[in-house]
Amino acid sequence: MPGHARRGDIRNIAIIAHVDHGKTTLVDRLLQQTGTFRANERIVERVMDSNDLERERGITILAKNTSIRHRGVKINIVDTPGHADFGGEVERILGMVDCALLLVDAAEGPLPQTRFVLKKALELGMRPIVVINKIDRPDARPHQVLDEVFQLMINLGAADEQLDFPHVYTSAKLGYARRELEHADSNIFPLLDVIIDRVPGPPGNADSPLQLQIATLDYNDYVGRIAIGRITRGRIRIADPIALLKLDGKVENWKVTRLETFEGLKRAGVEEAAAGEIVAMAGIPEIQIGETIADPTAPDALPPIRIDEPTISMEFMVNDSPFAGQDGRFVTSRHLRERLLREARANVALRVEETASSDTFTVSGRGELHLAIVAETMRREGYEFQLSRPRVILRRDAAGHSLEPIEYLVLDLEEAYKGRVMEMLGARRAELADMTGAGTGRVRLEFTVPARGLLGFRREFLTETRGTGIMSHVFHEYGTHRGDIPSRTRGALVVKEPGTTVTFALHNLEDRGTLFTGPGVPVYEGMIVGEHSRENDLVVNPCKKKHLTNMRASTSDDTIRLTPARDMSLEDCIEFLGDNELVEVTPKTVRLRKRLLSAHDRKRDDKAASEAAVS
């Protein structure tokens, strides 16, 4: 905003990084060392990960605001997700800030999500502050990682002034930051000094007509929907009339009923806020992300927030299994529709479409994890539904050729597994882009691979590398369709008749494959209880009991020892799915099943499909 003075008392920054490079831990240290917590206050690790799912998985899913004060300046901080599946959060948040702290692991260096979030920041013209974190690791290589970040910025087309970025070395875990490695600083203040000295204050004329764009939403039982955004220009006051400029061009008039700014981990009520401040306001019940709040006398809308299109879609369906309605409180299509549409309003990277069936909705997102988190959240709220196998969203170019989403995949694994992993990816139409570290014991392989080829790959990769491999990927481009990719190489163990599983029957099935279910579990016909060791499906009876004879000892079954069943999480089940299978999701259980429960119906369907293929 040229020609407008910048505020000297505020700095607005976002922390961006790859998953698990230490963003949330760094925010913990900033809050602790700037006196945000009382001396006797109990401090929770990763305090910004307030969502249960975030704390369980150790990742940030939702962007969150906080603030600290240093040298008389208020620093508003936004902690953003590092996983590309939640990139919609990053894209809209970066519009609220003037600078990004790019956090990079001193051992791992830039990874796919590092590239993704840095690209978004550079496109907005930001000059990032590079923070090389975890310099206390024994395998840290901070100087080389700094060079890699510099090369990455060149590859992304950074301008000359963006390449002249400040850098800081930190250990968020131990709580110190240093301008140079040989310095002996024992606190985080050198990083705060760089933020204040190098980050420009927010622009905006406080005397101009109000303009504020909504970047994220919150909800409070007492005041309803809370809109959060940065004031681009002007002032906002409680009880003042405001104009809401809707995305469809309509203009609505409202009044502000509550206004808050961020102070530490809390929000403090204020009567007024001016240009440059990040505020949370209530008073508009149906406000949406991307809409503009303006002065009624000068209703100027800001450009809508641009979000990359989804690449993966799944079907969310009403649960119609024999066990439907036993666990969930919200089970009807009306409940499912209302909840998905409500999610789409707050989760801007999500798309919800109705289908010809009133019981089925097509939900599109950035990736499997993005959609799995939506499903897991709904499950915990008491919803019951079914999910189909994920499928990629194809496009067509001007000439009518089919294009598919291509992912950039980075694998870090022991060298002994390199050949087998490359063979697996070759079958999935992957193309090797780079390989580093050969001869050191561990190698880093980089591929471009169709998004279709990654469906179900993570489970196979972890199995093949004995759990030692590290895998990350990010959307690369829409490219030419690379041809057919073989589907799942193993079939399923499918239940023959309803009942309760027993140890005797499960023990006899262990040689047939890997079981997902233990003894004493109710099952129904068509339910999947394991993975077959061969490529075809096998109909089994896990409820078959041992025949009674005169020679049977009362303790004979006590000697049977079952191999523990594989614990299948919701993401594991989604990865396992075949085209003719569904995941049944309830608040208490997650089950795999066939679309057609009857073995007779499945045979008839397979026969019809094969006849249609021949004709």
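Note that the structure is predicted; figures quoted are calculated from it, not measured.

Enquirer: Looking at this model, I keep getting lost on the pattern of salt bridges. Mind explaining?
Expert: Oppositely charged side chains are able to pair whenever their charged atoms sit close together. With the rule as written, the count across this model stands at 41 salt bridges. The salt bridge partner of R389 is D579, with a shortest N-O separation of 3.4 Å. Of the two residues, R389 sits in the loop between strand 21 (385-387) and strand 22 (391-392) while D579 sits in the loop between helix 14 (570-576) and strand 34 (581-585), which places them 190 residues apart along the sequence. A relative accessible area of 24% places R389 in the partly exposed class. A salt bridge links R566 to E531; the nearest nitrogen and oxygen atoms lie 3.6 Å apart. Residue R566 is located in the loop between strand 33 (538-540) and helix 14, and its partner E531 is located in strand 32 (residues 527-532); the two are separated by 35 residues in the primary sequence. You can call E531 buried: its relative accessible area is 6%.

Enquirer: Whenever I open this one, the environment of R258 confuses me. Can you help?
Expert: Tracing the chain through its elements places R258 in strand 13 (residues 258-263). Sequence separation between R258 and M281 is 23 residues; the distance between their C-alpha atoms is 5.5 Å. A polar atom in the side chain of R258 sits 2.8 Å from the side chain of E260.

Enquirer: Quick question: what am I supposed to make of the sheet that holds strand 2 (residues 64-70) here?
Expert: The pairing of strands in a sheet comes from backbone hydrogen bonds and takes either a parallel or an antiparallel form. Across the sheet, which stays open at both edges, the seven strands sit in the order 2-3-1-4-5-6-7 with mixed pairing between neighbours. At either margin of the open sheet sits one strand with a lone partner, and together these are strand 2 and strand 7 (176-178). Across the sheet, the mean angle separating the axes of adjacent strands is 30 degrees when strand polarity is ignored. Two strands pair when backbone bridges link them, and strand 4 (residues 99-105) and strand 5 (residues 129-133) are joined in this way by five bridges, in the parallel orientation. Looking across to strand 5, one finds that V104 is bridged to I132. Across the face of the sheet, helix 5 (residues 142-155) comes into contact with strand 4, strand 5 and strand 6 (167-171) while running at roughly 145 degrees to strand 5.

Enquirer: I keep staring at the nonpolar core and nothing clicks. Help me out?
Expert: Judged by nonpolar contacts, the single largest core of 42 residues is most densely connected at I16, L94, L102, I132 and M153. Excluding anything up to four places from it in sequence, M153 contacts L118, L122, P128, A158, Q162, L163 and F165. Judged by nonpolar contacts, the second largest core, of 33 residues, contains F361, L387, I574 and L592.

Enquirer: Just to check I follow, could you spell out the packing of helix 10 (residues 418-427) against helix 12 (residues 457-464) for this structure?
Expert: The axes of two packed helices give the description: the angle between them and the distance between them. Put simply, helix 10 and helix 12 touch, their axes get as near as 10 Å, and they point 160 degrees apart. Taken together, the axes of helix 10 and helix 12 lie roughly antiparallel to each other. As helix 10 packs across helix 12, the resulting crossing turns out to be right-handed. The residues of helix 12 that touch helix 10, namely those facing R420, V421, M424 and L425, are F457, E460, F461 and E464. Looking at the contact of helix 10 with helix 12, its residues break down into five nonpolar, no polar and three charged.

Conventions we followed
Residues numbered from 1 in each chain as written. Predicted model: local features only at pLDDT ≥ 70, side-chain atom pairs only at ≥ 80, totals over all residues. Heavy atoms only, no water. Salt bridge = Lys/Arg side-chain N within 4 Å of Asp/Glu carboxyl O. Helix = DSSP H or I, 4+ residues; strand = E, 2+ residues; numbered from the N terminus. Buried < 20%, exposed > 50% of the residue type's maximum accessible area, 1.4 Å probe, protein only. Polar contact = N/O pair within 3.5 Å; in protein donor to acceptor, adjacent residues only side chain to side chain. Pairing = 2+ DSSP bridges. Axes fitted to C-alpha atoms, helices over the stretch in contact; angles between N-to-C directions. Contact = heavy atoms within 4.5 Å. Core = buried A, V, L, I, M, F, W, Y, C linked by side-chain atoms within 4.5 Å. Parallel < 35°, antiparallel > 145°, perpendicular 65-115°, else oblique. Left-handed = near helix turned anticlockwise from the far one by under 90°. Nonpolar A, V, L, I, M, F, W, Y, C, P; charged D, E, K, R; others polar.

So far we have only geometry, and geometry alone does not tell us how the molecule works.
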